[in-house]
Amino acid sequence: MKQVFVGIDVAKDSSNGHAVDATGACLFSLSFPMNSDGFFQLFSEIEKASSDLSEVLVAMESTACYHINLFSFLSAKGISAVVVNPLLIANFARLSLRKTKTDRKDAGTIAQFAMIHKDSISQLSVGQDLQDLRDLARESEALCQQISIHKTEIKRLLQTLFPELETICDVSTKVMLDFLQQFPSARMVADARPKAIAKALTRKGVDARLSYTAADLIQAAKHSVATASLAKELILRGKIAILKHLYEQRHELTKALAEYCKAAMIEDLDILTSINGIAAITATAFLAEIGTINNFPSVKNLVAFAGIDPSVYQSGKYEGSSRISKRGNRHLRRVIWLMTICVIQHNPTFRDYFMRRRDAGQPFKKAVLATSHKLIRVIFAMLSQRTHFREVCV
């Protein structure tokens, strides 16, 4: 049982720590530098406050990258440490009538918050393995966003250099990316020898069963309305090189994620992927964000953690429109959206539920969100009861 609660207001160069006991009495308050000496200074004060480190709970706000090293240090010392959403601390601080705001007072506010909400936030403590898994999942998410941006930019450049190409083929495939690095415009395709175009489409052992031929590309290039631009050709080649590099990085991260997940939570992964439409990569990202289902007493807690719980403004006879709160974990919210879209496409149970919502007159996004709530309820029950998904035969 936790008896000592330490709040830390983290900053880049120096941070403030404040500790209270179970009655709210101050045990220590200090400012320490964010280096090895400062970390051990904090640890020494914690040891003086409690000889049993299992009784200590340290809470700190998420502050970009500055809290990570301190979090890892405390976890390695066997101290339960949690990273709290700054919005929760800000709302808690508003309960006080005093307007004073200092780093020292902020640390005390975090400590008081940890003391009052110890039962709920202590479940958010994560180990280094889970934190590494979460970092990999979020980096993979960031790479996917960068890939999407570069694909859009490549298509935008092709609208000038070879606008007809998109009607012939998918320009984001490996074959076409390799081809466009060699022939980045309609001008260059039209001026090239037919044999060179054919060779570019079939080199390096690429499967030749394409829906288009070299003759199709040459014909389109000769009748193209493209604008000749040496600068845009150079830019396009650079964008393609970056996109191919991003693809390679994502592939490496996907392999690492799979290995981490198989080592730490293979059973949970098997349960999630038993739902037709949920792939291993999205299931891994989902598990990385929630940690263990035991962190959530009910499905409502999980829904709120993802920020897809309804937010309604009602006063007297007035009732505003309902929207999701978006106050939870934005990474988890994005993963849930992707999972929902996939199960609607590939899973009869969720597709039928989505179509019933649409037939009832709900807009697309609202119907997807309703389906995501159903998906989360199903996932919560499966992970809690350790069962796999089974389609209901009617």
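Right above here is the structure, for reference.
Summarised in this report is the structure supplied together with it. Bear in mind that the values here come from a model prediction, so they are computed numbers and not experimental data.

Calculation notes
- Residues numbered from 1 in each chain as written.
- Predicted model: local features only at pLDDT ≥ 70, side-chain atom pairs only at ≥ 80, totals over all residues.
- Heavy atoms only, no water.
- Helix = DSSP H or I, 4+ residues; strand = E, 2+ residues; numbered from the N terminus.
- Rg over C-alpha atoms; globule rule 2.2 N^0.38 Å.
- Buried < 20%, exposed > 50% of the residue type's maximum accessible area, 1.4 Å probe, protein only.
- Contact = heavy atoms within 4.5 Å.
- Areas by Shrake-Rupley, 256 points an atom, 1.4 Å probe, with all protein chains shown as cover.
- Lys, Arg positive; Asp, Glu negative; His and termini not counted.
- Charge placed at Lys NZ, Arg CZ, Asp CG, Glu CD.
- Core = buried A, V, L, I, M, F, W, Y, C linked by side-chain atoms within 4.5 Å.
- Pairing = 2+ DSSP bridges.
- Axes fitted to C-alpha atoms, helices over the stretch in contact; angles between N-to-C directions.
- Arc of directions from axis to C-beta.
- Salt bridge = Lys/Arg side-chain N within 4 Å of Asp/Glu carboxyl O.
- Expected span 1.5 Å × (residues − 1).
- Polar contact = N/O pair within 3.5 Å; in protein donor to acceptor, adjacent residues only side chain to side chain.
- Phe/Tyr/Trp six-rings, centres within 6.5 Å; stacked < 30°, edge-to-face > 60°.

A word on the overall build of the chain
Here is step 1 of the chain: Across its full length, the chain holds 16 helices and nine strands.
Here is step 2 of the chain: A compact globule built from 394 residues should have a C-alpha radius of gyration of about 21 Å, whereas the chain, at 27 Å, is more than 25% larger.
Here is step 3 of the chain: Reported as C-alpha extents along the three principal axes, the dimensions of the chain are approximately 85 × 60 × 45 Å.
Here is step 4 of the chain: Here the chain holds 394 residues, and 41% of them are scored as buried.
Here is step 5 of the chain: Taking contacts inside the chain between residues at least 6 apart in sequence as the whole, the part at least 24 apart equals 62%.
Here is step 6 of the chain: Approximately 21300 Å² of the chain is accessible, and the part contributed by carbon and sulfur atoms is 53%.
Here is step 7 of the chain: Here the chain contributes 50 positively and 38 negatively charged side chains, and the mean placements of these two sets differ by 7 Å.

Quick look at the environment of Arg351
Here is step 1 of the chain: In this fold, Arg351 is placed in helix 15 (residues 348–359).
Here is step 2 of the chain: Distance from Arg351 to Thr371, taken between C-alpha atoms, is 8.5 Å for residues 20 residues apart in sequence.
Here is step 3 of the chain: Each residue touching Arg351, except ones within four places of it in the same chain, is listed here: Val343, Ile344, Gln345 and His346.

Here's the deal with the nonpolar core
Here is step 1 of the chain: In terms of nonpolar packing, the biggest core is built from 70 residues, with Leu165, Phe179, Ile275, Phe286, Ile290 and Ile379 touching the most fellow members.
Here is step 2 of the chain: Counting residues per element, this core draws most heavily on helix 11 (residues 230–273), which supplies eleven residues.
Here is step 3 of the chain: By size, the runner-up hydrophobic cluster in this structure holds 23 residues, among which are Val10, Phe39, Ile46 and Leu70.

A look at unusual backbone geometry
Here is step 1 of the chain: Non-glycine residue Arg386 carries a positive phi angle of around 55°.
Here is step 2 of the chain: Along the polypeptide, Arg386 turns up in the segment after helix 16 (364–385).

Here's the deal with the sheet that holds strand 3 (residues 26–33)
Here is step 1 of the chain: Taking strand neighbours across the sheet as the criterion, the five strands line up as 3-2-1-4-5 in an open arrangement whose pairing is mixed. Sheet topology places strand 3 and strand 5 (80–84) at the edges, where each strand pairs with a single neighbour. Looking at each pair of strands side by side, their axes are set apart by 20° on average, direction ignored.
Here is step 2 of the chain: Where strand 2 (residues 14–21) and strand 3 come together, seven bridges link them in antiparallel fashion. Following the sheet pairing, Asn16 is matched in strand 3 by Ser31.
Here is step 3 of the chain: Each of strand 1 (4–9), strand 3 and strand 4 (56–61) is contacted by helix 1 (residues 36–49), which is oriented at about 170° to strand 3, the strand it contacts most.
Here is step 4 of the chain: Sitting on the sheet, helix 4 (residues 103–116) is in contact with strand 1, strand 2, strand 3, strand 4 and strand 5, with an inclination near 140° to strand 1.

Focus on helix 9 (residues 194–202)
Here is step 1 of the chain: Every buried residue of helix 9 is accounted for by Ile197, Ala200 and Leu201. When helix 9 is viewed along its axis, its buried side chains cluster within an angular range of 95° and face the same direction. For helix 9, the exposed residues set more than 90 degrees away from the buried face come down to Lys195 and Lys199.
Here is step 2 of the chain: Structurally, helix 9 contributes buried residues whose contacts are with helix 7 (174–182), helix 8 (186–191) and helix 10 (214–222).

Comments concerning the environment of Val84
Here is step 1 of the chain: You can see Val84 is positioned in strand 5.
Here is step 2 of the chain: A residue is classified by how much of its surface remains accessible, and Val84, at 3% relative accessible area, is buried.
Here is step 3 of the chain: Sequence spacing of Val84 and Val368 is 284 residues, and the spatial spacing of their C-alpha atoms is 29 Å.
Here is step 4 of the chain: With sequence-adjacent residues up to four places away left out, Val84 is seen in contact with Ala59, Met60, Glu61, Ser62, Ile89 and Phe113.

Thoughts on the side chain of His67
Here is step 1 of the chain: Summarising the element assignment, His67 is placed in the loop between strand 4 and helix 2 (68–76).
Here is step 2 of the chain: Ignoring anything within four residues of it in the chain, the contact list for His67 reads Val10, Met60, Glu61, Ser62 and Val83.

Looking at the pattern of salt bridges
Here is step 1 of the chain: Scanning the entire structure with this criterion turns up nine salt bridges.
Here is step 2 of the chain: Asp178 is paired through a salt bridge with Lys174; the nearest N and O atoms lie 2.9 Å apart. Residue Asp178 and its partner Lys174 are both found in helix 7; the two are separated by four residues, about one turn of the helix.
Here is step 3 of the chain: For Glu267, the salt bridge is made with Arg386, and the minimal N-O distance between the two is 3.6 Å. Within this pair, whereas Glu267 is found in helix 11, its partner Arg386 is found in the segment after helix 16, the two being separated by 119 residues in sequence.
Here is step 4 of the chain: Look at Arg386 and you get partly exposed, because its relative accessible area is 34%.
Here is step 5 of the chain: Among the charged side chains, a network of salt bridges with common partners joins Arg134, Arg138 and Glu289.

Section: helix 14 (residues 330–346)
Three or four residues apart is the spacing at which side chains of an α-helix point the same way, because the helix has 3.6 residues per turn.
Here is step 1 of the chain: Here helix 14 spans 25 Å end to end across 17 residues, near enough to the 24 Å set by a 1.5 Å rise per residue.
Here is step 2 of the chain: Along helix 14, the residues that are buried comprise His331, Leu332, Arg333, Val335, Ile336, Met339, Thr340, Val343 and Ile344.
Here is step 3 of the chain: A side-chain oxygen of the first residue of helix 14 lies 2.9 Å from the backbone nitrogen of His331; this N-cap is Asn329.

A few points about the pairing of strand 2
Here is step 1 of the chain: Counted residue by residue, strand 2 has six buried out of eight residues, so it is predominantly covered.
Here is step 2 of the chain: Across six bridges, strand 1 lies against strand 2 in antiparallel orientation. From the neighbouring strand, Val6 faces strand 2, where its bridge partner is Ala19.

Here's the deal with the packing of aromatic side chains
Here is step 1 of the chain: Taken as a whole and judged by the stated rule, the model has eight aromatic pairs.
Here is step 2 of the chain: Ring geometry for Phe43 and Phe73: centres 6.4 Å apart, planes at 90°, overall edge-to-face. Here Phe43, found in helix 1, pairs with Phe73, found in helix 2; they are 30 residues apart in sequence, far enough to count as distant.
Here is step 3 of the chain: The rings of Phe39, Phe40, Phe43 and Phe73 are connected pair by pair, giving a single aromatic cluster.

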